[in-house]
Amino acid sequence: MEVNQAIMDLVGYALRTGLIENEDRVWAVNRLLDALHLSDWEEPATAQERPLEEILKDLLDWAVAQGIIEDGTTSRDLFDTELMGRLTPRPSQVRRTFFEKYAQSPEAATDWYYRLSQDTDYIRRYRIRRDMKWVTDTPYGQLDITINLSKPEKDPRAIAAAKSAPQSGYPKCQLCVENEGYAGRMNHPARQNHRVIPLTIDGQDWFFQYSPYVYYNEHCIVFNGQHVPMKINRSTFRKQLDFIKQFPHYFVGSNADLPIVGGSILSHDHFQGGRYTFAMERAPIEREVAIPGFDDVSAGIVKWPMSVIRLRCADDNHLIDCADKILGAWRSYTDEDACIYAYTDGEPHNTITPIARMRDGQFELDLVLRNNLTSEEYSLGIYHPHQELHHIKKENIGLIEVMGLAVLPARLKTELSDLADAIVEGRDLRSDEVLSKHADWAENLMRCHIFTRENVMDILQDEVGKVFATVLEHAGVYKCTEEGRAAFLRFIASLA
């Protein structure tokens, strides 16, 4: 593909998607010529309507051939983001249009902004489509299982370049507002095509954006304008309810604020939300409970493998008072018989993963009780996936998993495929350096199932989903047993 044709096709794409208007066409061509180190232009007869991935690949291949960039995933991502950034509307334009749409309805604003975030290639649709997704029936409902393939792994050249690159403290992290328009570097993604929306919640300046990796529909991130650490407190509940007042069609949740039970970024205060119904939201109340002093707040223990108290009330302030009471009590709660310790050697262990939504015109909060205690037997966490599950899931159980969506490592795509072949062919799993980690699990499955070439992958995927249900059971501080529920009710009784 001749480079001028690819430039024309990209400009045509920007026109079709509304990133630029016809009056911007010449300007857009010149912006792309500059990025590609070109000073001459011979316009092709027409722009060809092609997939964006194909157009960008042609431009990247050309740039590699000309020595403008190296041929590695990170270098290519940095450069195609620069190209798209040159066609992305300025932040002031994006914010003006967002709030014009918001005046029509919150849904109109988020619909437009989500589409923009995809059209600019900030959300790479073609990579998201590569993710593996399925659902598994469990005693807790249908769990969502994903193997995320859209987040690129660093290539060796990028790792080497990052080691030798000057260390930078700007932006302070990948959530900071200073990422908007940032050119990136070998150890920090480019964000020239990234735009954020300012919000005020609990009287503070926060911002709204979408996740570039989209683990579920309209997966958004709401983040503090200041680079301050995660902290679960009364203000957390106020911020969450302020957000869903402004966007009642979304849920919003926060990772816990302690290691092991928290998310991957604890250094920057943020929430995650979106327009998606998780299995936990669909889960019913298993047992209604009363919170003394809050007769107008309906409360109950949710039928879920993790330990969830669901609160609902029409009065958001009273709901916050109730949630804050539970949080304060849980922070200091110890029950040695249930292996729950609030502190050891002065180190706190109890916290909460809170999720807020609107339901039937009322405010609803799910408070997931968390504890990050470790032991000699469970050095990564007592309430964390235990060692026998690490062949499938070893990472922390954060907000998204808590709600019933497994985000499994990319390695499982190849490993499950290879495991399927090995099972059908009757190969020795224990002699395989990669597959040996799955041997105990697979040998047990072979005692329970008759595998064929046609059914092996369906069975493996279903069994992976069952493993994830067990992961959530391990992460629950109160087990779904008679003894576990009795211990849960002891905590509820302590609120009196």
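(A) Up close: the packing of helix α1 (residues 3-17) against helix α2 (residues 25-35). At their nearest, the axes of α1 and α2 sit 10 Å apart, and the two run at 135° to each other. If you check the angle between α1 and α2, you find them oblique. Between α1 and α2 the crossing geometry is right-handed. Contacts between α1 and α2 involve Ile7, Met8, Leu10, Val11 and Leu15 on the former and, on the latter, Arg25, Ala28, Val29, Leu32 and Leu33. Here the contact of α1 with α2 is built from residues that sort into 9 nonpolar, no polar and 1 charged.

(B) Representation of the environment of Arg357. Inspection of the secondary structure assignment puts Arg357 in strand β13 (residues 350-359). Given a relative accessible area of 3%, Arg357 falls into the buried group. As a C-alpha pair, Arg357 and Tyr250 span 107 residues in sequence and 6.8 Å in three-dimensional space. Look past the residues within four positions of Arg357 in its chain and what remains in contact with it is Ile244, Phe251, Met280, Glu281, Arg310, Gln362, Phe363, Glu364 and Asp366. Side-chain polar atoms of Arg357 contact the side chain of Glu364, separated by 2.6 Å. Here Asp366 takes part through its side chain, which lies 3.1 Å from a polar atom of the side chain of Arg357.

(C) Inspection of the sheet that holds strand β1 (residues 132-138) at higher detail. Pairing is mixed across the open sheet formed by 3 strands, whose spatial order is β1-β2-β15. Unpaired on one side and paired on the other, β1 and β15 (405-408) mark the two borders of the sheet. Each adjacent strand pair in this sheet contributes to an overall mean axis angle of 25°, direction not counted. Here 4 bridges tie strand β2 (residues 141-147) to β15, and the two strands are oriented parallel to one another. Of the residues in β15, the one forming a bridge with Ile147 is Leu408. The strands that helix α15 (residues 456-475) touches are β1, β2 and β15; relative to β1, the one it contacts most, it runs at about 65°.

(D) A look at α2. All buried positions along α2 are accounted for by Ala28, Val29, Leu32, Leu33 and Ala35. Down the axis of α2, the buried set is contained in an arc of 160°. They therefore lie on one face. Taken together, the buried residues of α2 touch α1 and α4 (73-85). Phi turns positive, to about 60°, at His37, one or two residues after α2.

(E) Spotlight on the packing of helix α3 (residues 52-65) against α4. Their axes nearest at 10 Å, the elements α3 and α4 cross at an angle of 115°. Here α3 and α4 pass one another in a crossing that is right-handed. Here α3 contributes Leu52, Leu56, Lys57, Leu59, Leu60, Asp61, Ala63 and Val64 to the contact with α4, which in turn contributes Arg76, Phe79, Asp80, Leu83 and Met84. Residue classes in the contact of α3 with α4 are distributed as 9 nonpolar, no polar and 4 charged.

(F) Seen up close, the packing of aromatic side chains. Taken as a whole and judged by the stated rule, the model has 28 aromatic pairs. Each ring, one from Tyr216 and one from Tyr276, has its centre 6.0 Å from the other, and the planes form 35°; the classification is tilted. Taken as a pair, Tyr216 in the loop between β4 (204-210) and β5 (220-224) and Tyr276 in the loop between β7 (270-274) and α10 (279-282) lie far apart in primary sequence, 60 residues in all. Members of the aromatic cluster, each reached through a chain of ring pairs, are Phe98, Phe99, Tyr102, Tyr113, Tyr114, Phe208, Tyr210, Phe243, Phe247 and Tyr250.

(G) Representation of the sheet that holds β13. Taken together, 10 strands build an open sheet; the order of strands is β3-β4-β5-β7-β6-β13-β14-β10-β9-β8 and the sheet is antiparallel. The open sheet has two free edges, formed respectively by β3 (197-201) and β8 (285-289), since each of these has just one partner strand. Strand after strand, the sheet turns through a mean of 25° between neighbouring axes, direction not considered. Across 5 bridges, β4 lies against β5 in antiparallel orientation. Bridge assignment links Phe208 to a residue of β5, and that residue is Val222. Strands in contact with helix α6 (residues 106-119) are β3 and β4; relative to β4, the strand with the most contacts, it is inclined by about 60°.

(H) View of the nonpolar core. In terms of nonpolar packing, the biggest core is built from 92 residues, with Phe208, Leu311 and Tyr478 touching the most fellow members. Once residues within four sequence positions are removed from consideration, Leu311 is found in contact with Ile291, Val297, Ser298, Ala299, Leu319, Cys322, Ala323, Ile326, Phe363, Glu364, Leu365 and Leu367. The next biggest cluster of nonpolar side chains, apart from the first, holds 55 residues, and it includes Tyr215, Tyr216, Leu429 and Leu472.

(I) Examining the pattern of salt bridges more closely. Under the criterion given, the structure shown has 46 salt bridges. Through salt bridges with shared partners, a single ionic network connects Glu281, Arg310, Arg312, Arg357, Arg359, Asp360, Glu364 and Asp366.

So, how was this worked out
All residue numbers here refer to positions counted from 1 along the written sequence of the relevant chain. Thresholds applied to this predicted model are a pLDDT of at least 70 for local features of residues and 80 or more for the giving and counting of side-chain atom pairs; totals over whole chains, interfaces and linings are not thresholded and use all residues. Water and hydrogen atoms play no part in the side-chain values, which are based on all heavy atoms of the structure. For helices, the fitted line uses only the C-alpha atoms of the stretch in contact; every axis is such a line through C-alpha atoms, and the angle between N-to-C directions lies from 0 to 180 degrees. Here a strand is any run of E in DSSP of at least two residues, a helix any run of H or I of at least four, and the numbering for each starts at the N terminus. With respect to orientation, any angle under 35 degrees is reported as roughly parallel, any angle over 145 as roughly antiparallel, any angle of 65 to 115 as roughly perpendicular, and every other angle as oblique. Each helix crossing is assigned a hand: it is left-handed if the near helix lies turned anticlockwise from the far helix by less than a right angle, otherwise right-handed if that turn is clockwise. Contact between two residues is taken to exist if any of their heavy atoms lie within 4.5 Å; hydrogens are not considered. For this classification, Asp, Glu, Lys and Arg are treated as charged, while Ala, Val, Leu, Ile, Met, Phe, Trp, Tyr, Cys and Pro are nonpolar and the rest, including Gly, are polar. Note on classification: 1.4 Å probe, protein chains only; a residue is buried when its accessible area is under 20% of the maximum for its type, exposed when over 50%, partly exposed between these limits. Any pair of N or O atoms that falls within 3.5 Å is considered a polar contact. Within protein, one atom must be able to donate a hydrogen and the other to accept it, and sequence-neighbouring residues count only if both atoms are side-chain atoms. Two strands pair if DSSP finds at least two bridges between them. An arc is given here, and it is the one of the directions from the helix axis to the C-beta atoms. Aromatic contacts are taken between Phe, Tyr and Trp rings whose centres are within 6.5 Å, Trp giving its six-membered ring; a plane angle under 30 degrees counts as stacked, one over 60 as edge-to-face, and the others as tilted. By nonpolar core we mean a set of buried residues, namely Ala, Val, Leu, Ile, Met, Phe, Trp, Tyr and Cys, connected to one another through side-chain atoms within 4.5 Å. What makes a salt bridge here is a side-chain nitrogen of Lys or Arg within 4 Å of a carboxyl oxygen of Asp or Glu, nothing more.

Everything listed is a geometric property; what it means functionally is a separate question.
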